[in-house]
Amino acid sequence: MTPIFTRFTALLMLVMLVACSGAPISGTRSSDTAFYDYQSAVRWNEFQTAWTFLDPAVRDEQPFSDELRERLKLVQVAGYEVKGSDTSQPGEIFQSVEIRWIDKRDMTEQVITDHQRWRWDEAGKHWWLVSGLPAFDKP
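Read on for an overview of the structure. (Residues numbered from 1 in each chain as written. Predicted model: local features only at pLDDT ≥ 70, side-chain atom pairs only at ≥ 80, totals over all residues. Heavy atoms only, no water.)

**What about the overall build of the protein?**
At step 1: In terms of regular secondary structure, the protein is built from five helices and four strands.
At step 2: Residues classed as buried in the protein amount to 30% of the 139 residues present.
At step 3: Restricting the contact set of the protein to residue pairs at least 6 apart, pairs at least 24 apart contribute 52%. (Helix = DSSP H or I, 4+ residues; strand = E, 2+ residues; numbered from the N terminus. Buried < 20%, exposed > 50% of the residue type's maximum accessible area, 1.4 Å probe, protein only. Contact = heavy atoms within 4.5 Å.)

**A word on the pairing of strand E4 (residues 126–129)**
At step 1: What you see with E4 is no split at all: His126 and Trp128 on one side and Trp127 and Leu129 on the other are buried throughout.
At step 2: As paired strands, strand E3 (residues 108–121) and E4 are joined by four bridges and run antiparallel to one another. Each residue of the ladder has a partner; that of Arg119, found in E4, is Trp128.
At step 3: Linkage of E3 to E4, two consecutive antiparallel strands, is achieved through a turn of four residues, within which Lys125 is found at a positive phi near 55 degrees. (Pairing = 2+ DSSP bridges.)

**Quick look at unusual backbone geometry**
At step 1: The residue Met107 is not glycine, and still its phi comes out positive at about 60 degrees.
At step 2: At Lys125, a position not held by glycine, the phi torsion is positive, near 55 degrees.
At step 3: Turning to its location among the elements, Lys125 is positioned in the loop between E3 and E4.
At step 4: Owing to a relative accessible area of 31%, Lys125 belongs among the partly exposed residues under this scheme.

As structure tokens, this is what we get:
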């Protein structure tokens, strides 16, 4: 390769990296970005990270206790699929999410529907989950 081609390729890759960084231009956190990050945390069993998406008032009511941590260690998420969403209320988004999970105690697969309510915090430019973490309970 010629040095000019190599420099051009490096410059092009740098431009693409910046363009694809996913950072919202306006300084706000888009719902797509917030929901994807939350979904990733749940999908990969990063429940303490998922807990940080909860509305601060909800976190005060539902602390990430040792008991909760131990209970969530028995959960292995196997699937996370958004089944529907409602954006008709300004500043709120409601989602129905099907979560497939394995109970590590007996290796049985369970399916729950997590009804999520998200609210937009205009001052903080952030989406907060108001409905809490999924309830990984057997039927």
